[in-house]
Amino acid sequence: MRRVSGTAALLALVALAWPRTPPAPTPTTVAGGAVLAAAPSVVTAPALAARVAPSTGHQLLLPDGSAVPALNGAIDPAPLERYWGAFPWSPIVGRERSSAGIEWYRHADGSYSTTEMVFVEQLGKQIALTRVAHPGPEQPPNTPPDRR
Amino acid sequence: MPVPKQGLFVVATLIATAQAQVNPFVLYPQDPERQALTCTSFVGRPDLSRAAEALVEFDDQQFRGIGDALGFHRIFGVYHWVADERLATVETYDLIIRIGASTGGPDTTPAGLVFRVASLTTPPSANPARGTWIMYDGFNIQGGFTTILSQTWYLGVGLPANPAWPATDGHALFRADLLSANTGATVGENHRAGVLGPTWAVPANGAPFRTPWTYVCGPFVTTPNLHMGGLDPTSNRLGAPGASFGIHGLFPDVGGAPRRDGLMLRFTDNLTPFAFAFLGASLGFALPQWEPGIIGSNHIGTSGQVITVGLPRLQNGVAEVTIALPGTIPTAMIGNFLAFQGVVWDPNTRLANWSNAQAVSF
């Protein structure tokens, strides 16, 4: 972590060349607050894709480059790396079904991961979810005195 | 020092490669991905044991450009911490995104519900004790779920009723109470007086209401995160040394009776964790503007309006910049607000990305 001191920054910092930019085009609003894709041409979809890795088929890609079958009938789930978070990679050591009927991969560090297909009414279609659950603090803080 | 043609300063070479990751944008005093959470007041639910949505408000007077990939909010999932009173019992929850109502607060009509995934569950466990799951629920929607920019919006989780909570079972969220919450919390948020609750409860049957705390809950985005933090050496509300990056950063107390808070900027990015960041501030937000070659939007204006507040290099996805030490922000700033924003640039892909912008109200 790097800290850069700038005690008088609010009033008297040196101004550098901040980008000079044209006004943005207006998004096209549709019902429900969603928007149609009226994206500016200056940044293309491939440019965005370079920051978001692609997903593939009926497999779940793992951070180590291997793949395992997607669970719970998921089609085209996002790679697990995208949602693994800031945790060291931990290999899959088992497969379990929860009491809710959802299959999960169990990882060596106690984490779980899975994929699911869910219907999103607002989109009018099913989407794939890639889900990860890492164990957090074993003793979470107390519930509040008034229980709210 | 390379200087791209649009005048964006970048410094030297980055080591980072484009990571196939996302950033959780969480408004909380500490960074739940990288810091030990000593500031959590309690684990709680939005409306006791009753069914309700726990929503985080993203007010466009406070934040702009969260998840702004191509001019709109692009949301790739929901991050939250589950406090489970009995891990052995699977918990059920929904993922919710709402737009704001014209009268303020979340729009609870069907038209206001723009995204809902119902009935997700926590993983299996044989452990009958209390515990925590850090949940990453990611969508595979090409380009993310897209919603409108420059509008107050709400994201969170919906919890079913659970009469067993908190005695023997149930799902709650990690929360940091405002000073005004009157819950007896010794740690939590540490803002100036008069701040409204930044989260909402939407009961299954009833009107929504503000809740005086922040949650460890937020959207997954591909934009870098910029958070402002307050520095108050007279307080132990954080439970540890450092800046408080939740509501304290939006509303520091510089009034001098007795506090004269300082200000810190924290910039995080999992996608380019060793990038250089170009950080600026201006006297308020500007209309969104696009810059060729930079993903996202500039929300704080052009070079004539912006002062540079730092050019740090991220280390493992983090850089912090002290903007003002405690006792140095003039009381003349009271009543004004500043807007902060930054850019990261990756020389490997030759792509730059605007962070979100955040206001600081004095």
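In this text, all values refer to a predicted model and were calculated from it rather than measured experimentally. Every chain's residues receive numbers from 1 upward, in the order its sequence appears when written. As a convention, the first chain written is A and the first ligand written is 1, with the rest following in written order. Where local features are concerned, this predicted model is filtered to residues with pLDDT of at least 70; where side-chain atom pairs are given and counted, the filter is 80 or more; whole-chain, interface and lining totals use all residues. Each side-chain value is worked out from all heavy atoms of the structure, with water and hydrogens disregarded.

## Overview of the overall build of chain A
Defined as follows: Only DSSP runs of H or I covering at least 4 residues are called helices, and only runs of E covering at least 2 are called strands; the numbering of each starts at the N terminus. Only protein chains enter the accessibility calculation, which uses a 1.4 Å probe; a residue whose area is less than 20% of its type maximum is buried, one above 50% is exposed, and one in between is partly exposed. Pairs of residues are marked as contacts when any of their non-hydrogen atoms sit within 4.5 Å. Using the Shrake-Rupley algorithm and a 1.4 Å probe, accessible areas are obtained, with residue cover drawn only from the displayed protein chains.
Helix and strand counts for chain A come out as two helices and seven strands. When the helices and strands of chain A are listed from N to C terminus, the series reads β-α-α-β-β-β-β-β-β. Among the 148 residues that make up chain A, the fraction classed as buried is 37%. Once local pairs closer than 6 in sequence are excluded, the contacts in chain A between residues at least 24 apart make up 36%. Total accessible area on chain A is roughly 7,500 Å²; 55% of this is exposed by carbon and sulfur atoms.

## Thoughts on the overall build of chain B
Where we set the bar: Each radius of gyration reported is based on C-alpha atoms, and the globular scaling rule is 2.2 Å times the count of residues to the power 0.38. Charged residues are defined here as Lys and Arg on the positive side and Asp and Glu on the negative side; His and the ends of the chain fall outside this count. Every charge is mapped to an atom, namely NZ of Lys, CZ of Arg, CG of Asp or CD of Glu.
Within chain B, the secondary structure is distributed over one helix and 26 strands. Here the C-alpha radius of gyration of chain B, 20 Å, is about what a compact globule of 362 residues would show, namely 21 Å. Residue pairs in contact within chain B that sit at least 24 positions apart in sequence constitute 79% of those at least 6 positions apart. Accessible surface for chain B amounts to roughly 10,500 Å². Of this, 55% is attributable to carbon and sulfur atoms. In chain B, which carries 19 positive and 24 negative side-chain charges, the distance between the mean positions of the two groups comes to 2 Å.

## Some words on the environment of I334 of chain B
All names here are of chain B. Tracing the chain through its elements places I334 in the loop between β23 (318–324) and β24 (337–346). Counting along the chain gives 135 residues from I334 to T199, while the straight-line C-alpha distance between them is 25 Å. Setting aside residues up to four positions removed in sequence, I334 forms contacts with V254, G255 and F362.

## Topic: the environment of G65 of chain A
Secondary-structure assignment places G65 of chain A in the loop between β2 (59–61) and β3 (67–69). Expressed as a C-alpha distance, the spacing of G65 of chain A and L80 of chain A, which sit 15 residues apart in the sequence, is 10 Å.

## Describing the nonpolar core
Looking at soluble globular proteins, one finds that nonpolar side chains tend to be buried together. Going by this rule: The criterion is simple. A nonpolar core is a set of buried Ala, Val, Leu, Ile, Met, Phe, Trp, Tyr and Cys residues joined through side-chain atoms within 4.5 Å.
F115 and F139 of chain B are the most contacted members of the largest nonpolar core, which totals 46 residues. With sequence-adjacent residues up to four places away left out, F115 of chain B is seen in contact with V120, Q122, L123 and I127 of chain A together with L95, I96, I97, F139, I141 and F145 of chain B. L60 and L62 of chain A together with Y79 and F220 of chain B belong to the second-largest nonpolar core, a separate cluster that totals 28 residues.

## Topic: the side chain of D94 of chain B
Residue and element names in this part refer to chain B. For the record, the criterion: Pairs of N or O atoms within 3.5 Å make up the polar contacts considered here, provided that, within protein, one atom can donate a hydrogen while the other can accept it, and that residues adjacent in sequence are counted only when both atoms are side-chain atoms.
Relative to the helices and strands, D94 resides in strand β8 (residues 92–99). D94 sits in the buried class, given a relative accessible area of 13%. A distance of 2.9 Å separates the side chain of D94 from the side chain of R116, its partner in a polar contact. A polar contact is formed between the side chain of D94 and the backbone nitrogen of S119, at a distance of 2.7 Å.

## Regarding the pattern of salt bridges
Residue and element names in this part refer to chain B. We count it as follows: A pairing counts as a salt bridge when a side-chain nitrogen of Lys or Arg comes within 4 Å of a carboxyl oxygen of Asp or Glu.
One pass over the full model with this rule turns up 16 salt bridges over all chains. Residue D47 pairs with R50 through a salt bridge whose shortest N-O separation is 3.2 Å. With a relative accessible area of 5%, D47 lands in the buried category. Three or more residues are tied together by salt bridges with common partners; here these are D31, E33, R34, R266 and E320.

## Regarding the packing of aromatic side chains
Test applied: Ring pairs are drawn from Phe, Tyr and Trp, using the six-membered ring of Trp, whenever the two centres fall within 6.5 Å, and their geometry is named by plane angle: stacked under 30 degrees, edge-to-face over 60, tilted for the rest. Should the NZ of a Lys or the CZ of an Arg lie within 6 Å of a ring centre and within 35 degrees of the ring normal, that charge is described as sitting over the ring.
In total, this model carries 16 aromatic pairs over all chains according to the counting rule given. Residues W81 of chain B and F174 of chain B carry aromatic rings whose centres are separated by 5.1 Å and whose planes lie at 80° to one another, so their mutual orientation is edge-to-face. Of this pair, W81 of chain B sits in strand β7 (residues 77–84) while F174 of chain B sits in strand β13 (residues 171–177), and the two are 93 residues apart along the sequence. Owing to a relative accessible area of 2%, F174 of chain B belongs among the buried residues under this scheme. When the centroid spacing of 5.5 Å and the interplanar angle of 15° are considered together, the rings of Y136 of chain B and F220 of chain B count as stacked. On the criterion of sequence distance, the pair formed by Y136 of chain B in strand β10 (residues 131–139) and F220 of chain B in strand β17 (residues 217–221) is long-range, its members being 84 residues apart. Pair check on accessibility: Y136 of chain B and F220 of chain B agree, each one buried. The structure contains a cluster of three or more aromatic residues connected by ring pairs, namely Y83 of chain A together with Y79, Y136 and F220 of chain B. The lysine or arginine in question, R175 of chain B, covers the ring of W213 of chain B, its NZ or CZ lying 3.7 Å from the ring centre. Positioned above the aromatic ring of F245 of chain B, the side-chain terminus of R266 of chain B is 5.9 Å from the ring centre.

## A look at the side chain of T146 of chain B
Inspection of the secondary structure assignment puts T146 of chain B in strand β11 (residues 145–147). Here the side chain of T146 of chain B touches R74 of chain B through a polar contact of 3.1 Å, side chain to side chain.

## Some points on unusual backbone geometry
Residue and element names in this part refer to chain B. Between W165 and the following residue, P166, the backbone shows a cis peptide bond with an omega angle of 0°. Considering the arrangement of structural elements, one finds P166 in the loop between β12 (153–159) and β13. Residue A257 is joined to P258 through a cis peptide bond whose omega torsion reads 0°. Relative to the helices and strands, P258 is located in the loop between α1 (247–250) and β19 (262–268).

## With respect to the confidence of the model for chain A
Residues and elements named next belong to chain A. To keep it simple, the criterion reads: pLDDT is a residue-level measure of predictor confidence that goes from 0 to 100.
The pLDDT averaged across chain A works out to 73; a share of 60% of its residues lies at or above 70. Element-level mean pLDDT values for chain A span from 32 in helix α1 (residues 9–12) up to 98 in strand β5 (residues 103–107). The low-confidence segment residues 1–17, where pLDDT is below 50, has 51 contacts with residues more than four positions distant or belonging to other chains. Below pLDDT 50 for its whole length, residues 20–50 participates in 64 contacts with residues either more than four positions away or in separate chains.

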